[in-house]
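Single-letter residue listing:
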Amino acid sequence: MLKTEAVDVERIRRDFPILKRTVHGKRLVYLDNAATTQKPQAVIDSLVDYYSRYNSNVHRSVHTLGEEATAAYEGARGKVTRFVGARANETVFVRGTTEATNLVRFAWGEKQVKKGDLLLATRMEHHSNIVPWQLLAKSKGATLKFVGITPDGNLDMEELDRLLGESPKLLAFTHCSNVLGTINDVANVSRKAHKAGATTVVDGAQSVPHFPVDLSALDVDFYAFSGHKMLGPTGIGALIGRKALLEDMDPYEGGGEMIREVFDDHSTWNDVPYKFEAGTVNIADAIGLGAAVDYLTSIGMDKVREHEIRLLDYARETLSKVKGLHVYGPEDSKERSGLIAFNYADVHPHDLATILDEEGIAIRSGHHCAQPLMRCLNVSATSRASFHVYNSYDDIDALKQGIMKAGAIFKV
Amino acid sequence: MLKTEAVDVERIRRDFPILKRTVHGKRLVYLDNAATTQKPQAVIDSLVDYYSRYNSNVHRSVHTLGEEATAAYEGARGKVTRFVGARANETVFVRGTTEATNLVRFAWGEKQVKKGDLLLATRMEHHSNIVPWQLLAKSKGATLKFVGITPDGNLDMEELDRLLGESPKLLAFTHCSNVLGTINDVANVSRKAHKAGATTVVDGAQSVPHFPVDLSALDVDFYAFSGHKMLGPTGIGALIGRKALLEDMDPYEGGGEMIREVFDDHSTWNDVPYKFEAGTVNIADAIGLGAAVDYLTSIGMDKVREHEIRLLDYARETLSKVKGLHVYGPEDSKERSGLIAFNYADVHPHDLATILDEEGIAIRSGHHCAQPLMRCLNVSATSRASFHVYNSYDDIDALKQGIMKAGAIFKV
Amino acid sequence: MSSADIYRELILDYYRNPRNFGKLEKFDISAHDTNPLCGDEIEMQIRVGENSKIEEIKFSGRGCAISQASASMLTELAKGKPLEWVKLVAKEDVFKMLGDPELGPSRVKCALLGMKVLKTGVYGYLGAHYEDPEPGT
Amino acid sequence: MSSADIYRELILDYYRNPRNFGKLEKFDISAHDTNPLCGDEIEMQIRVGENSKIEEIKFSGRGCAISQASASMLTELAKGKPLEWVKLVAKEDVFKMLGDPELGPSRVKCALLGMKVLKTGVYGYLGAHYEDPEPGT
Ligand SMILES: Cc1ncc(COP(=O)(O)O)c(C=O)c1O
Ligand SMILES: Cc1ncc(COP(=O)(O)O)c(C=O)c1O
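Residues numbered from 1 in each chain as written. Chains lettered and ligands numbered in written order. Predicted model: local features only at pLDDT ≥ 70, side-chain atom pairs only at ≥ 80, totals over all residues. Heavy atoms only, no water.

Caption draft 1: Region of interest: the relation of the copies chain A and chain B. With an axial shift of 0.0 Å and an RMSD of 0.0 Å, the rotation relating chain A to chain B amounts to 180 degrees. With respect to symmetry, the two chain copies, as superposed, fit the operation of a two-fold axis. Considering only C-alpha atoms, the part of chain A nearest the rotation axis is Gly235 of chain A, at 3.2 Å. (Least-squares fit on C-alpha atoms with pLDDT ≥ 70 in both.)

In structure tokens, the structure reads:
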């Protein structure tokens, strides 16, 4: 297996037990990382260790198991906070990106957005950064408008400026598109939005797992991401919010943990971020996410990024030789993350995915939860190969072989 | 270690790796099961197996890993559904009981409850079955009233009948109190509520883990429980809802998975139960909960119940010999579940818990997220020892020894 | 069974040259559905003739080879049959029609989308309700 | 260190016979807080005398031996001191006052609840804001 020089892929692959498995008798070539990544042994071990050694409910415990579980859970919060350059008490653990945007919708939006207000999203958003704002607009009598994209797959900055001129209350936009791969200039866009008086909600689901993110330099109000896309367990993610905003917000879910005192007719709330973590939290998986952060940090996110750029360059080069294959998104690899969405002749993405699966290759096919973007691109579906640090040039060669086989079957 | 005859405790204890550990050099005596239970190796293994062999995002996948993960996730839904006697497509996976009641509040309550409506809860509810209704009442201009309890710790049926006479929209009540241990006659109470035109939301957090629950015989509208309290992982639980109600409800969180189609100005929803599972679900822990259900089924919930009744009888007998110790809740063990809340002389529960911890004994102390009930009992806190199938008579003897030690230190 | 067997000549032919593709000017039954899994969509229209026969039937939509070929073949099969016949169609019939390919659960949904739309439309016309045995994603 | 050391004679004495327990009729400062962990609560009231001295101070509330003894001892320590002294009180001072018991993180919150209430009240009176370094549960 060829090293990309950025990282030692062969060594890294040994950390991921699933990569040893075969699919239909072939080596597993896992290229569906934008949907969810695989987990290193260290993350799996952190779960086993938790359940085998110090499982307990947190916070309200006086006993030793409880103290240990609380320390590990809060320790994980600290790791996640530092990993993205946030500040203490600004990190709320949630199920994932989708719960994060919905939390903002309910706890910030229902309080702040009024009838007639304007909300903005972009046409490259994942449904999780669209549907909450649609529902909020409907509940409040507000309007949701979309910032379009340019033919090369970037945000249409002119339309952005024009729509910001209409004094929106909110701008919801993604740090990195899960279809186009486009990396947006978050600091710049958020600054513009703030000048226009808008609050910003940034979807970091495809950025935090793939390149260094330093929120202290990005000037955003809310930032959301999912643990399962960054080598962590399913069921955990984070919402980072400005402390002043979090403190001013209504609570989200109500119940244990988030309260200070419960009276018959009202209750008072716990401090931020606990105010937003009602009920028993996902203790084990938060700790597992902390372990994922440790693993990524030990490799170095700059190395992860470098590796993915090399894979991307190699993939574009390799796939450019396949006749009839069309890649979406910006040209320059520096402007995009490690994923490639494409269509191949008239072979439907599902059919391609089925044929590739037989070769042990896992890609995603479909609308990628981005139907408004699909309509922009005038397609109903695309295929998508997405990388992480354990992918190699070999994986891309296998992908090309698989596509060629589909071409033969479909007589392209 | 004495068998209770209902189950072979010694054999069962070997299935729980954490029970091998020591705390402060003493054998761990874990009596905090109402807060969260420990996990058998089979549950831990199911997580390891998932992450090591077939981790993938579910539903939208064509590749083999995705098909396997989807089958296991939906298989777990089937297990949970059958375990509580529910019907297909009525089981929504949520984070836990708290998310379940909040889901009902947002998706059912915001649509159905109107200004001036009456909502009912009981004074023995956990905060997770109070605070959502307080917040709903506040948002809608409705009123929340409480059904009181009798001096022996049962629901005050006269007050219930009287308040049902005021035509409430909702009756939120627990199947089993996490402080008193009281087991409510759910079928009877729910039938009364339905006659009065109220929708019922039943908190099953302390029932499903401890005795057989057959929803097909209980006539409730919504039923909520947590996986982590029934030997399953943290971060997963279930809301069971009548299909017709679920179908009529608004969605809760918006995003991927729960949609059918997303347009600029509106979206259409996926079928029930998927409509309520926005974003990437907690795949691994749902599968882990399925493994917990398998484990409990292999023992038999009737056996679990029988074992806990014996422990309860033994504990009451043993603790009755401690002077100054007062136990809360109904007298008859057949009417209560396997937990004992108590106070001991003027030793504050936190101080008692600290002293017990030194002996390796984990109990809970505090308000148990039931402050309105604490006010009823006229205390600010209690100690609570709660059992599960791996507890033994020895654990109870240790508890008594520990309490005696606290008595000596506090010169009771 | 390999994908070369799934994507036989016949399936590809129906995918690229779908029979009964299009819309009817006049119709008595119309139904539409999408597969939330992938966004595949199928619309079917039927003109009902004498003796409750399927006089004319057309489908439109977009999606993978399996969903489109399956819908197209189904319209051919349905044409001329009495509406009651639609009630008797089982998923096994659809698989047989496609040459019994070995499909994973997600692709089964592609194969059955046409049948679901056909049944939804015809059941509704007959005053009944078609309940999808495996709804959702 | 064992719990027998934590619950020394002195702590138990302050728990059972708290000094400065009760409410003031007239006061310049009043603050109240609860520990969301457990529901322990402390209220403190202060009458400010000449030269911004703590002329009178009383506390009330309920909770464990550690929280109640700690609050009571703190009022004794504070009485007669200038308000500015309160700003200098550190958690180490509280631990020392309690005889440096070895407390787990959750019990540390019990030990410090009194200090938190005292500081919240006095800082507020002085026009400042006391930020709890470890808020929440
Ligand atoms: C009776 C009862 N209801 C609800 C809950 C809340 O469950 P969770 O914290 O898992 O949401 C608990 C446990 O904390 C409980 O004991
Ligand atoms: C860009 C983007 N945003 C949001 C999400 C939603 O994340 P989750 O499903 O973990 O909530 C995803 C992935 O599905 C994504 O790719």
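Caption draft 2: The packing of helix α2 (residues 41-54) of chain A against helix α9 (residues 283-299) of chain A, seen in detail. Residues and elements named next belong to chain A. The N-to-C vectors of α2 and α9 enclose an angle of 140 degrees; their axes lie 8 Å apart at closest approach. Taken together, the axes of α2 and α9 lie oblique to each other. Of the two elements, α2 crosses α9, and the hand of that crossing is right-handed. Across the interface between the two elements, Ala42, Val43, Ser46, Leu47, Tyr50, Tyr51 and Tyr54 of α2 pack against Ile283, Ala284, Asp285, Ile287, Gly288, Ala291 and Ala292 of α9. Classifying every residue of the contact of α2 with α9 gives 11 nonpolar, 2 polar and 1 charged. (Axes fitted to C-alpha atoms, helices over the stretch in contact; angles between N-to-C directions. Helix = DSSP H or I, 4+ residues; strand = E, 2+ residues; numbered from the N terminus. Parallel < 35°, antiparallel > 145°, perpendicular 65-115°, else oblique. Left-handed = near helix turned anticlockwise from the far one by under 90°. Contact = heavy atoms within 4.5 Å. Nonpolar A, V, L, I, M, F, W, Y, C, P; charged D, E, K, R; others polar.)

Caption draft 3: Highlighting the pattern of salt bridges. For the structure on display, the rule yields 80 salt bridges over all chains. The closest approach of N and O atoms between Asp49 of chain A and Arg53 of chain A, which form a salt bridge, is 2.7 Å. Highlighted residues: Asp49 of chain A and Arg53 of chain A, both in helix α2, separated by 4 residues, approximately one helical turn. The exposure class assigned to Asp49 of chain A is partly exposed, which follows from its relative accessible area of 28%. Classification of Arg53 of chain A by relative accessible area gives partly exposed; the value is 39%. Ionic pairing is found between Lys405 of chain B and Glu358 of chain B, a salt bridge with its closest N-O pair at 3.2 Å. With a gap of 47 residues between them, Lys405 of chain B in helix α13 (residues 393-409) and Glu358 of chain B in the loop between α11 (349-357) and β15 (361-362) connect regions that are remote in the sequence. Sharing partners across several salt bridges, the network here consists of Arg95, Glu99 and Glu253 of chain A together with Arg95, Glu99 and Glu253 of chain B. (Salt bridge = Lys/Arg side-chain N within 4 Å of Asp/Glu carboxyl O. Buried < 20%, exposed > 50% of the residue type's maximum accessible area, 1.4 Å probe, protein only.)

Caption draft 4: Representation of the packing of aromatic side chains in the model. Considering all chains together, one arrives at 30 aromatic pairs over all chains under this definition. Pairing Tyr73 of chain B with Phe93 of chain B gives two aromatic rings, centres 5.2 Å apart and planes at 50 degrees, and the pair type is tilted. You can see Tyr73 of chain B sitting in helix α3 (residues 64-83) and its partner Phe93 of chain B sitting in strand β4 (residues 91-94), a full 20 residues away along the chain. Accessibility expressed as a relative area gives 6% for Phe93 of chain B, which makes it buried. Their ring planes at 90 degrees and their centres at 5.2 Å tell us that Phe21 of chain D and Phe59 of chain D sit as a pair that is edge-to-face. In this pair, Phe21 of chain D is assigned in the loop between α2 (9-16) and β1 (29-34) and Phe59 of chain D in strand β3 (residues 54-62), connecting sequence segments 38 residues apart. Given the relative accessible area of 0%, Phe59 of chain D is considered buried. (Phe/Tyr/Trp six-rings, centres within 6.5 Å; stacked < 30°, edge-to-face > 60°.)

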